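# Residue-level structural notes
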Amino acid sequence: MRMRESERLWEKAKQLMPGGVNSPVRSFRSVGGAPLFMARGEGPYLWDVDGNRYVDFVLSWGPLALGHAHPAVVDAVTAAARGGTSFGANTVGETELADLLVQALPSVDLVRLVNSGTEATMSAARLARAYTSRDKVVKFAGGYHGHADMYLVKAGSGASTLGLPDSPGVPQAMAADTLTAPFNDLPALRSLFAARPDDIAAVIVEPIMANMGFIAPEDGFLDGLQSLCREYGALLIFDEVITGFRVGLYGAQGLWGIEPDLTCLGKVIGGGLPVGAYGGRAAVMEMVAPSGPVYQAGTLAGNPLATAAGTATIRALMEPGVFPAASARARRLADGIAAIAQERGVALQVGCEGTVFGLFFLNEPGARIVDGESARRYADTERWARFFHLMLEQGFYFAPSQFEVAFLSVAHDDEIVAATLEAVERAFSDPALRMRSAG
Ligand code: PLP
């Protein structure tokens, strides 16, 4: 068989970049095969360098809420570029984006723009530590908050209170200040607090876990989290890098009526260009330099192209009816996939909120995934790999990992939903997906 252009390019890329990629999630390691090189995107579609067209459910891992190359975004970025790509000084574009964020999130009085989600979560932790004069930060096992040292910590078995580095190069001392608890488990969190009532600066949470597959909070979990943080004087940090402008126009905090002390944003707020943000109550945010002593800076922070793309994206999403229509289509797709799975005897757990959805192939019919541990135990990565390739062959691009979620854009219309469901139906008739029936 003739070598595809993607394969040829990957061979070259591997000689120049670790694993031939610039972010490990892009490699096809967990599904097998060579990662695709993309040439172009438009609306809901992506084209690879071999000329194949795909319906894109990755959308750059979330940011492209309007789809690829949306005219409003392209125009805004082009106009901004013509006026100069970076000044390292104030621009009106920064204030416009900040204004949209503050208006959308009642918990946010002040916001600082940065370049990535990683910067946002890292800076939020520094601020929380300074505000509380405490060092420990709690995260939930399986939650991803970017790649700063302190967050690359998982809960090893029996080590839910002991930070253990997840990656070589993370100093033990750094990891030791990160405590982990299981998601959806308030008693475990209470125990952590009770053991160290005066040590915990903050609890950081993805209000819907979306980096371990799609795991929704159970009733009362987020409220309980807020109460515990208040009881012990710790700050509650919502990492809404994925959920922001995705699960609702007012974030997960809007859905559940929670006012976290700090919120981290990224992805959609940059509309496909590099932006992150952290913000919160004025009393906390006023501690950030130059208002206060907590240092955090950025050469390209609030970059004119990035703020233009983010502002154009959020404004278009906020147009009446746009977001609800996209959410309704995501719901229809998720419900449709669940119904096909049921019909075909494929054990599948489906989650959906706003324009995000997730599919877990279960290795035990009837199992329920509620946290990182149950995801590791019950998610069937082999079936995901099979599903991924069956969909790819039909022109539908899902994330090359069972532990990622899928995204819809406003450009994914009814026809695409219908075509996707037909493709899923064909995929689910594959014996390898049906082997373990839902019973
Ligand atoms: N927080 C969450 C919830 C994320 O999903 C991610 C990235 O996927 C990050 C933080 C880090 O963002 P970035 O990749 O922009 O550094």
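Structural notes, computed from the coordinates. This one's a predicted model, so the numbers in the text were calculated from it and none came from an experiment.

Calculation criteria
Note on numbering: residues in each chain are counted from 1, in written sequence order. In view of the model being predicted, local features appear only for residues whose pLDDT reaches at least 70, and side-chain atom pairs are presented and counted only at 80 or more, with totals across whole chains, interfaces and linings using the full set of residues. Only heavy atoms go into the side-chain values, all of them from the structure, while hydrogens and water stay out. Secondary structure elements are taken from DSSP: a helix is a run of H or I of four residues or more, a strand is a run of E of two residues or more, and numbering for both begins at the N terminus. The atom set for the radius of gyration is the C-alpha atoms, and the globule formula is 2.2 Å times the number of residues raised to the power 0.38. Accessibility here uses a 1.4 Å probe with only protein chains present; expressed as a share of the type maximum, an area under 20% marks a residue as buried, one over 50% as exposed, and anything in between as partly exposed. In what follows, a contact means two residues having at least one pair of non-hydrogen atoms within 4.5 Å. Method for areas: the Shrake-Rupley scheme with a 1.4 Å probe, in which residue coverage is limited to the protein chains shown. Interaxial angles span 0 to 180 degrees and are taken between N-to-C directions of axes, which are lines fitted to C-alpha atoms, for helices over the stretch in contact. Roughly parallel means an angle under 35 degrees; roughly antiparallel means over 145; roughly perpendicular covers 65 to 115; every other angle is labelled oblique. The hand of a helix crossing depends on one turn: near helix anticlockwise from the far one by less than a right angle means left-handed, and clockwise means right-handed. Basically, the charged four are Asp, Glu, Lys and Arg, the nonpolar ten are Ala, Val, Leu, Ile, Met, Phe, Trp, Tyr, Cys and Pro, and anything else, Gly included, counts as polar. Joining through side-chain atoms within 4.5 Å is the link that ties buried Ala, Val, Leu, Ile, Met, Phe, Trp, Tyr and Cys residues into a set, and such a set is a nonpolar core. Basic side-chain nitrogens of Lys or Arg form a salt bridge, by our definition, when they fall within 4 Å of a carboxyl oxygen of Asp or Glu. Strands are treated as partners if at least two bridges between them are detected by DSSP. By convention in this text, a residue qualifies as near a molecule or strand provided that one of its non-hydrogen atoms is within 4 Å of it. N or O atoms within 3.5 Å of each other form a polar contact, as long as, within protein, one can give a hydrogen and the other can take it, and as long as residues adjacent in sequence are counted only when both atoms are side-chain atoms. Centres within 6.5 Å are what make two rings of Phe, Tyr or Trp a pair, Trp counting through its six-membered ring; a difference in plane orientation under 30 degrees is then read as stacked, over 60 as edge-to-face, and the rest as tilted. A ring is considered to have a charge above it if a Lys NZ or an Arg CZ atom is located within 6 Å of its centre and within 35 degrees of its normal.

## Considerations on the overall build of the protein chain
Broken down by element type, the protein chain carries 15 helices and 16 strands. Computed over its C-alpha atoms, the radius of gyration of the protein chain comes to 21 Å, within 12% of the 22 Å expected for a compact globule of 439 residues. Among the 439 residues that make up the protein chain, the fraction classed as buried is 55%. Within the protein chain, contacts between residues separated by at least 24 positions form 72% of all contacts whose residues are at least 6 apart in sequence. When the accessible surface of the protein chain is summed, it comes to about 18300 Å², and 52% of that surface belongs to carbon and sulfur atoms.

## A closer look at the packing of helix α11 (residues 322-344) against helix α14 (residues 414-428)
Packing of α11 against α14 brings their axes to within 10 Å, and their N-to-C directions diverge by 20 degrees. Considered as vectors, α11 and α14 are oriented roughly parallel to each other. For the crossing formed where α11 meets α14, the hand is right-handed. On α14, the residues that touch Arg329, Arg332, Leu333, Gly336, Ile337, Ile340, Ala341, Glu343 and Arg344 of α11 are Asp414, Val417, Thr420, Leu421, Val424, Glu425 and Phe428. Among the residues making up the contact of α11 with α14, the classes are represented as eight nonpolar, two polar and six charged.

## Some remarks on the nonpolar core
Phe57, Ile337, Phe357, Phe387, Phe398 and Phe428 are the most contacted members of the largest nonpolar core, which has 42 residues in total. Counting residues per element, the ones that place at least two in this core are β3 (53-56), α11, β13 (348-353), β14 (356-361), α13 (381-393), β15 (396-397) and α14. Phe398 has contacts with Phe57, Val58, Phe357, Trp384, Phe387, Phe388, Met391 and Ala406, leaving out every residue within four places of it along the chain. Ranked by size, the runner-up nonpolar core spans 33 residues in total, among them Phe183, Phe221, Leu236 and Ala367.

## Details of the pattern of salt bridges
Inspection of the entire model under this criterion finds 15 salt bridges. Note that Asp335 is salt-bridged to Arg331, the shortest N-O span being 3.3 Å. Here the residue Asp335 and the residue Arg331 both occupy positions in helix α11, the gap between them amounting to four residues, near one helical turn. With a relative accessible area of 41%, Asp335 lands in the partly exposed category. On the accessibility criterion, Arg331 (37% relative accessible area) is partly exposed. One salt bridge in this structure joins Glu373 and Arg376, with 3.8 Å as the shortest N-O distance. Of the two residues, Glu373 and Arg376 are both situated in helix α12 (residues 372-378); the distance of three residues between them amounts to about one turn of the helix. Given a relative accessible area of 40%, Glu373 falls into the partly exposed group. The network of salt bridges with common partners includes Glu373, Arg376 and Arg377.

## Some remarks on the sheet that holds β14
Strands belonging to one sheet form pairs held by backbone hydrogen bonds; the direction of such a pair is parallel or antiparallel. An order of β13-β14-β16 is seen for the three strands of this open sheet, with the pairing classed as antiparallel. Edge strands, defined here as strands with exactly one partner in the open sheet, are β13 and β16 (406-407). Judged from the two bridges that link them, β14 and β16 form a sheet pairing that is antiparallel. Each bridged residue has a counterpart across the sheet, and for Phe357 the counterpart in β16 is Ala406. Lying on the sheet, α11 is in contact with β13 and β14; it crosses β13 at an angle near 170 degrees.

## Quick look at the site of the ligand
Near the ligand, the surroundings consist of Ser116, Gly117, Thr118, Tyr144, His145, Gly146, Glu206, Asn211, Asp239, Val241, Ile242 and Lys267. In this structure, Tyr144 approaches the ligand through a main-chain N or O atom, which is 3.5 Å from a nitrogen atom. Summarising the interface, the protein chains cover 82% of the accessible area of the ligand, which totals 390 Å² for the free molecule. Looking at the shell around the ligand, its residues break down into three nonpolar, six polar and three charged.

## Describing the pairing of strand β1 (residues 38-42)
When β1 meets strand β2 (residues 45-48), the two strands line up antiparallel, connected through four bridges. Residue pairing for β2: Glu42 is matched across the bridge by Tyr45. Between β1 and β2, which pair antiparallel one after the other, the connecting turn spans two residues, and Gly43 there sits at a positive phi close to 55 degrees.

## Some words on the pairing of β2
Direction of pairing for β2 relative to β3: antiparallel, over a ladder of three bridges. When the bridges of β3 are listed, Trp47 appears paired with Arg53. As consecutive antiparallel partners, β2 and β3 are separated by four residues, and within that stretch Gly51 has a phi angle of approximately 90 degrees, a positive value.

## Re the packing of aromatic side chains
Going through the model one piece at a time under the given rule, you end up with 17 aromatic pairs. Both rings, one in Phe183 and one in Phe221, keep their centres 5.0 Å apart while their planes meet at 65 degrees; by these two values the pair is edge-to-face. Here Phe221 lies in helix α7 (residues 221-232) and Phe183 lies in the loop between β8 (178-181) and α6 (186-195), a separation of 38 residues in the sequence. Taking 6.3 Å as the distance between ring centres and 85 degrees as the angle between the ring planes, the aromatic pair formed by Trp384 and Phe398 counts as edge-to-face. Here the residue Trp384 occupies a position in helix α13, and Phe398 occupies one in the loop between β15 and β16, the gap between them amounting to 14 residues. Trp384 sits in the buried class, given a relative accessible area of 3%. Taking the relative accessible area as the measure of exposure, Phe398 reaches 2% and is therefore buried. A cation over a ring is seen here: Lys14 above Trp10, with NZ or CZ 3.8 Å from the ring centre.

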